[in-house]
Amino acid sequence: MVHRMRYFLPLVFIGSLFTGSQLWSFKDFVMPKAEDAATYPSKDSHPEEKVTVAIDLYNSPPKDDIFNTHFGEHGILPVFLVITNAGDKPISVTKIQAQLVTANRSKLDDLSADDVMRRISHVNASSTNPGHAGTIPIPGLGKNKKGQQQMEELNRAKFSAFAVEPHSTQSGFLFFDVADVRSPVQGAHIYLVGVRDAGGSELMYFDIPVIPANTASTGN
């Protein structure tokens, strides 16, 4: 019996390691293919400048399956941002800022990748903006393989274009902290500012309604 236990315990230990590795199987993030922004239900167009901005929510299956991180479980709303430039000159999007304004007038700024990581790592915020953790470091991120993979996924997913060339489209994700917000989607709008033309002049803000057809089936 003693000899059996000597062999049995290592096998159990190895099996537990194998099972644990299956609990976090990380797949490479693949950005969704963006169509012309004018084809999305939730959009705002500036015909004179020939620029259209659209959004698409990724807060329910199967769409949110593209992420390894279950952002909804952490109160994070992923929003796919699509900008199409149908004009003949490039536009700059390096200084864009997005804000989600809910039906009850709660105003939520788009989070940086670091802010999202702090939120899903359960680091308390020190800012007056809910969910915005300022310069608080993320504990153990450098030694945490899962955390490193999540951060890499966020950096790949976040909207990071510098410009939108003529007759082309750029896309990427925005992330909003909606954990403590009642009905964050129904009747909400996303406002986008900071889009500039080739001469450096800022375009009027874009007001993109979050329409019911573009929301999750959870009734949020």
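Our structure's up above, just so we're on the same page.
Residues numbered from 1 in each chain as written. Predicted model: local features only at pLDDT ≥ 70, side-chain atom pairs only at ≥ 80, totals over all residues. Heavy atoms only, no water.

Asks: So what's going on with the sheet that holds strand β8 (residues 168-177)? Which residues, and what values?
Replies: Hydrogen bonds between backbone atoms are what pair the strands of a sheet, whose relative direction is either parallel or antiparallel. On the basis of which strands lie adjacent, the open sheet formed by 4 strands has the order β1-β2-β3-β8 and antiparallel pairing. Two strands lie at the open edges of the sheet, namely β1 (42-46) and β8, each paired on one side alone. In this sheet, adjacent strand axes meet at a mean angle of 20° when their direction is disregarded. Pairing of β1 with strand β2 (residues 51-57) involves 5 bridges; the strand directions are antiparallel. Its bridge partner lying in β2, Ser45 is registered against Thr52. (Pairing = 2+ DSSP bridges. Helix = DSSP H or I, 4+ residues; strand = E, 2+ residues; numbered from the N terminus. Axes fitted to C-alpha atoms, helices over the stretch in contact; angles between N-to-C directions.)

Asks: Which residues make up the pattern of salt bridges, and what values do they have?
Replies: A side chain of one charge can pair with a side chain of the opposite charge if their charged atoms are brought near each other. All chains considered together, the criterion is met by 7 salt bridges. Notably, a salt bridge pairs Glu35 with Lys33, separated by 3.7 Å at the nearest N-O pair. Residue classification places Glu35 among the partly exposed residues on the basis of a relative accessible area of 40%. Lys33 sits in the exposed class, given a relative accessible area of 65%. (Salt bridge = Lys/Arg side-chain N within 4 Å of Asp/Glu carboxyl O. Buried < 20%, exposed > 50% of the residue type's maximum accessible area, 1.4 Å probe, protein only.)

Asks: Outline the sheet that holds strand β6 (residues 107-109), supporting the account with residue identities and numerical values.
Replies: With respect to topology, 4 strands assemble into an open sheet ordered β6-β5-β9-β10, the strand pairing being antiparallel. Sheet topology places β6 and β10 (206-209) at the edges, where each strand pairs with a single neighbour. In this sheet, neighbouring strand axes are inclined to one another by 25° on average, regardless of whether the strands run parallel or antiparallel. Two strands pair when backbone bridges link them, and strand β9 (residues 189-193) and β10 are joined in this way by 4 bridges, in the antiparallel orientation.

Asks: Please set out a nonpolar patch on the surface residue by residue, giving values where relevant.
Replies: A surface patch of nonpolar side chains, amounting to about 300 Å² of accessible area, comprises Val193, Met204 and Tyr205. Here Met204 is to be found in the loop between β9 and β10. A relative accessible area of 60% places Met204 in the exposed class. (Patch = residues over 30% accessible without salt bridge, like charges linked within 9 Å, V, L, I, M, F, W, Y side chains within 5 Å. Areas by Shrake-Rupley, 256 points an atom, 1.4 Å probe, with all protein chains shown as cover.)

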